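Here is what each chain is made of, one letter per residue.
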Amino acid sequence: MSSRGGKQKKGNVTSEQEEEEQPLQAVLVADSFNRRFFPISKDQPRALLPLGNVAMIDYTLEFLTSTGVQETFVFCCWMSNKIKDHLLKSKWCRPTSPNVVHIITSDLYRSLGDVLRDVDAKNLVRNDFILVYGDVVSNIDVSQALQEHRHRRKVDKNISVMTMVFKESSPGHKSRCEEDDVIVAMDSKSKRFSMGTDEFEIRHDLLDCHISICSPQVAELFTDNFDYQTRNDFVRGILVNEEILGNQIHLYVTQDGYGARVSNLQMYDSVSSDMVRRWVYPLTPEANFTDQQGQGCTHSRHNVYRGAEVSLGHGSQMEENVLIGRDTSIGANCHISNSVIGNNCTIGDNVVLDRAHMWNNVHISSNVEIHQSVVCDGAVVKEAVHLNKQCVLAYNVVIGPNLSLPDGTVVSMHHPEEEEEDDDDEFLSDDQEVGHSKDKTRQKAFNPAEVGPEGKGYIWKASMNDTEDEELAQCLWGLVLNPDPESDSESEASEESQDRTFQLEVLGTLQRGLEENIVCDNLVLEINSLKYAYNITLKEVMQILTRVVLEYPFQQQGTQLTTLQYTGSLLPLLKTWSPVFKNYIKRAQDHLDCLSAVEELFLEQDTHQTAMVKVLMKMYQLEILEEEAILKWFSTGATNDKSRQLRKNQGKQRMSLQRKESEEDESSEEGE
Amino acid sequence: MELQAVLMAAGGGSRMMDLTYNTPKPLLPVGNKPLIWYPLNLLERVGFEEVIVITTKEVQKMISTDPKVKLDVKMKLDLVCIQEDADMGTADALRHIQQKVKTDVLVVSCDLITDAALHEVVDLFRAHNATLSMLMSKAHEFTETVPGQKGKKKTGEQRDFVGVDDTGKRLLFMANEADLDEGVVIRKSIMRKHPRMHIKTGLVDAHLYCLKKSVVDFLADNKSISSIRGELVPYLVRKQFSKSTNSPKVIDETHQNLKKNDSNVNLEIQISSRDEELLHLTQERSCWNDHRGDMSDAYHGGRLRCYVHIMDEGICYRVNTLAAYIEANRLAPKLFDEPAVHPSAVVSERCLIGADSIIGASCQISDKTSIKRSTIGVSTTVREKVKVTNSIIMHGVTIEEGCNIQGSVICSNAVIGRGADIKYCLVGSAQRIEPDGEHTTMSKACSA
């Protein structure tokens, strides 16, 4: 804030000069604040996971440096020491580095919001800065975007607070992350996020690179809005308050250039194969941009890269897109394609590797087959093991021999329950302190059926916990979302589900009311609050309520009820809940709506149609429904054959109703 | 014959009742020609030889009898009358003439005045074997003051959201603001097929549609649709992306279902044309594709396609409001090159007639009058010292000496008394304005 104040004092000319002079800064967040890479990230922070045998954070730093960043603040939280050690050893911390790297660690960061609030508190940024995660791989030249951003800020007096970098890629492209399936509404001319103008564009062919150019206000805004946790919160907040605060977000779309965030293993797989296929040029495996001794490799046809001292047995084939690290030896008659193999690995004979990602010091015995899987450091795969698609062998796991792991198996040396126990301090972050010295008593024996007779490791189930959130966190390979069915129905799916959840909630409320003997008034209160929570109209509330009550016997005792049993259990319920009904059914129209709900239900449950007479009768007696309404409903035209049939059945009932009515009148008259 | 032209000329002009009280909308004079002449001329210019005109008895009678209504078109007009009080929509009308429809149709509304190149719309229809192609144009701001209205009228009409693809031709989405509860809802499956969608508002629909014959047949089966613009077009646009119309399997099934129970009303639209098989084969063998980005077939295998041609420039007006009517009158002379002053008009030499004015046949313009930016109808008499600016004077009007008329519309057979001063007024047919009266922004429409 003070920097901005200073600028204003000096006036325009100097501030422009200052802008030119000031080094470009970047904020690199080397923590994902989620557990998508568990259990791999239990042993190594995500930013240090190797991609093409280079730690991911190196790609990010290389990208920042090549785009002209001169000062980078690396924020670490989970396993910050490892990241620090890595960076101190890397070329970025050499005195010759054009990009000065400051490492800021704290165990208190829980989200991107915390980091940016800290940026503001420490007053680190003086000017526009680039915000990236430590797992972004990109070769986009953002200087053009930066220029546009600065121009906009100059013209519009700080209105534009952020420019997000997007890459064009049509839906279905494999580097599109299913979870990050953005649809953007933008003003084509001003490149602004917006919907309000006369003409705007809706784009589904953009890929969020997770690179944003931020004005210094962004950090301030995060401080002001302490509830912002993620960048999405921020973007949403800005867009919602655009008319009030006048802040705008722009986007920069690049056609060529590569940018992607490794947010799950699916993305890891895609980005890694893009890397080997040289889409991220000039960041290619043989470039050795990290400038480390012995990392160099040679590039030959069909994108085959070999490090130093690689030995290849007789008859082994490296088909295409293969990267092999230094000191790795491969046995005879192997078939390797689309794979990355780390340093110091040994691979036996007759091994088939396809889309395998093997990190360092991995031992593969003979006759092993691996498809689209990740094998982490120090893992051992014994003879004749078959890894199907999307398997993960975490650090130091031993598998086999003679075993076939089904699709999506995750094996780790950490016991899943150990993690669950740690879950008590419930935030989702990589940065939980896991005891490195394991409690031996708690450790359970390895299951030979799961990991093989000589195996070491525990199977992690894909969805161990029931809650959806946890499931998301567990799913290493990312979601495979089914495309929404191109159904004809014009009703909105989300709305329908909302109705559905509302219905379930109402059912729960009534159930509880019955069990705990809650007064009807309170039930009404609860239903009303649900109504607001789900934004349901009064008419729907009533219809859903009617439905829930009428279905209640089925719900409790199964659908095989006879009509007699059904009415037997329903009628007392109606009596109990009649005040609830009366609260919602007041106007004449309400009566009709209620009746139509009743009708709808009994049309579905056509075996119980005869029960409808009794239900209507009871509702009439309880004064839930008025006679006129029932008669009116009866006389209004039936919309289809079935309902006509239904009405016919009700004919008798109508008679009895009328008779009853007249009797009642008489008796009351007599009473008077 | 590739296309049959259908002209919808039965509308009542409900949004400008003041004008249509005595003259039916198709016959309102615009630039001294009946409104219906413009679409007819448009069709004639592109070479239609025959046109089906759907209209009311009243209009038909007036066309055949009234000498003032000279259509002067060489096309053969097939006048089909519908009952005026039946309250038929445009789709109803189309259903009414289903027997006459032998090929694909071009439907034009009678209130369209445009210099659009019609072939653009038809070419889209041909090139993509489209089910529907239509014409739209950027909406115009009406600058002229509208008689009888004080101040600026708010644009009360709700906006239309029109979604087109990257080429700006394929019509992907259409919704009216009135139908939207909470913002625009677009199906993700559409976005997946067409990742870039331009949503435009501020477009005016010219009500010019090319429709496949099968659509007319579909209308005949499906009686619930009554308006082309209101119901049929949105339905077709939506149907483009529904599964049932796209996968041939389902269509076969519905065919079978149809055979099974003919009584059941067929609610699904069947899109097929005569050479369907061959077309399919060509599409299969061709490497042409309408999109890029994914590997699926051209049109993603869809069989129902809607296209729109959006005019960037040029004249495109729908004369359905008073403001549009005035604007059209101002621009109409540009659309045809006829002498501004009709040869049979008697115009005094000592009067001033602006170049942007039109004087109709057998008019009498006396000395010392000045006429600027105005249209004077047939057999109108303008006496001495009259000043007419920015006005529309219809047929048979008499304007007495010394009148001053500004920004007004004077309907047929009105008589303006001596020395009247009329500003921004609408004077209904056969009205009499008292001499020396002074009137501003009022509307003396119907003879009450």
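A quick note: this is a predicted structure, and the numbers were derived from the prediction, not measured.

> Talk me through the UniProt feature "domain: EIF2B subunit epsilon/gamma LbH" (unreviewed entry) in chain B; I want residue IDs and the actual numbers.
Look at the UniProt record and you will see "domain: EIF2B subunit epsilon/gamma LbH" (unreviewed entry) annotated at residues 344-435 of chain B. Helix makes up 0% of residues 344-435 of chain B and strand makes up 39%, while its end C-alpha atoms are separated by 29 Å.

> Provide a residue-level description of the packing of helix α17 (residues 563-584) of chain A against helix α19 (residues 611-621) of chain A, including the pertinent values.
Residue and element names in this part refer to chain A. Closest axis-to-axis distance for the α17/α19 pair is 10 Å, and the angle between their directions is 25 degrees. One element, α17, and the other, α19, form an angle in the roughly parallel class. As α17 runs across α19, the sense of the crossing is right-handed. Seen from α17, the contacting residues are Thr563, Leu564, Tyr566, Thr567, Leu570, Leu571, Leu574 and Phe581; seen from α19, they are Ala611, Lys614, Val615, Lys618 and Met619. Broken down by class, the residue content of the contact of α17 with α19 amounts to nine nonpolar, two polar and two charged.

> How would you explain the confidence of the model for chain A if you had to name every residue and give the values?
Residues and elements named next belong to chain A. For chain A, per-residue confidence averages 79 on the pLDDT scale, and 81% of positions sit at 70 or higher. Counted against residues more than four places away or in other chains, residues 421-442, with its pLDDT under 50, gives 41 contacts. Low pLDDT, under 50, characterises residues 479-494; the stretch is placed with 25 contacts to residues that sit more than four places away or in other chains.

> Pulling in residues and values, what's your account of the pairing of strand β8 (residues 160-168) of chain A?
Residue and element names in this part refer to chain A. Among the nine residues of β8, nine are classified as buried, and the element is accordingly described as predominantly covered. With seven bridges connecting them, β8 and strand β13 (residues 248-254) associate as parallel partners. Counterpart to Lys167 in the pairing with β13 is Thr254. Where β8 and strand β12 (residues 206-214) come together, seven bridges link them in antiparallel fashion. The residue bridging Phe166 from the neighbouring strand is Asp208, located in β12.

> Describe in detail the pattern of salt bridges, supporting the description with residues and values.
For the structure shown, the criterion picks out 35 salt bridges over all chains. Across the pair Glu168 of chain A and Arg196 of chain B runs a salt bridge whose closest N-O atoms are separated by 3.6 Å. With Glu168 of chain A in strand β8 and Arg196 of chain B in strand β11 (residues 196-200), this residue pair bridges two chains. For the salt bridge of Asp166 of chain B with Arg196 of chain B, the shortest nitrogen-to-oxygen distance reads 3.7 Å. With a gap of 30 residues between them, Asp166 of chain B in the loop between β9 (160-164) and β10 (171-176) and Arg196 of chain B in strand β11 connect regions that are remote in the sequence. Take Asp166 of chain B: its relative accessible area is 47%, and that puts it in the partly exposed class. Three or more residues joined by partner-sharing salt bridges are found here, namely Glu168, Glu201, Arg203 and Asp205 of chain A together with Asp166 and Arg196 of chain B.

> Go over the sheet that holds strand β20 (residues 329-330) of chain A, please, and point to the residues and values.
Residue and element names in this part refer to chain A. Taken in spatial order, the six strands line up as β17-β20-β23-β26-β29-β32 in an open sheet, and their pairing is parallel. In this open sheet, the two strands that pair with only one neighbour each are β17 (311-312) and β32 (398-399). As defined by bridge partners, β20 adjoins strand β23 (residues 346-347) across two bridges and the pair is classed as parallel. Across the sheet, the residue bridging to Ser329 is Thr346, located in β23.

> Give a detailed account of helix α20 (residues 627-635) of chain A, specifying residues and quantitative values.
An α-helical segment advances 3.6 residues per turn. Residues three or four places apart therefore align on the same side. Residue and element names in this part refer to chain A. Among the residues of α20, Glu627, Ala629, Ile630 and Trp633 are the ones counted as buried. Considered in projection along α20, the buried side chains sweep an arc of 165 degrees and stay on one side of the axis. Opposite the buried face of α20, at more than 90 degrees from it, the exposed residues are Glu628 and Ser635.

> Mind laying out the sheet that holds strand β4 (residues 50-56) of chain B, listing which residues take part and the relevant values?
Residue and element names in this part refer to chain B. Strand order in the open sheet formed by seven strands is β5-β4-β1-β6-β12-β8-β13, and the pairing between neighbours is mixed. Looking at the sheet topology across the chains shown, the edges are occupied by β5 (76-82) and β13 (306-311). The sheet shows a mean angle of 25 degrees between the axes of neighbouring strands, taken without regard to direction. The sheet strands contacting helix α2 (residues 37-45) are β1 (3-9), β4, β5, β6 (104-109) and β12 (203-211), and the helix crosses β6 at an angle near 145 degrees.

Each value, and the rule that gives it
Residues numbered from 1 in each chain as written. Chains lettered and ligands numbered in written order. Predicted model: local features only at pLDDT ≥ 70, side-chain atom pairs only at ≥ 80, totals over all residues. Heavy atoms only, no water. UniProt positions renumbered as here; feature names shortened; annotations may be inferred. Helix = DSSP H or I, 4+ residues; strand = E, 2+ residues; numbered from the N terminus. Axes fitted to C-alpha atoms, helices over the stretch in contact; angles between N-to-C directions. Parallel < 35°, antiparallel > 145°, perpendicular 65-115°, else oblique. Left-handed = near helix turned anticlockwise from the far one by under 90°. Contact = heavy atoms within 4.5 Å. Nonpolar A, V, L, I, M, F, W, Y, C, P; charged D, E, K, R; others polar. pLDDT = per-residue confidence, 0-100. Buried < 20%, exposed > 50% of the residue type's maximum accessible area, 1.4 Å probe, protein only. Pairing = 2+ DSSP bridges. Salt bridge = Lys/Arg side-chain N within 4 Å of Asp/Glu carboxyl O. Arc of directions from axis to C-beta.

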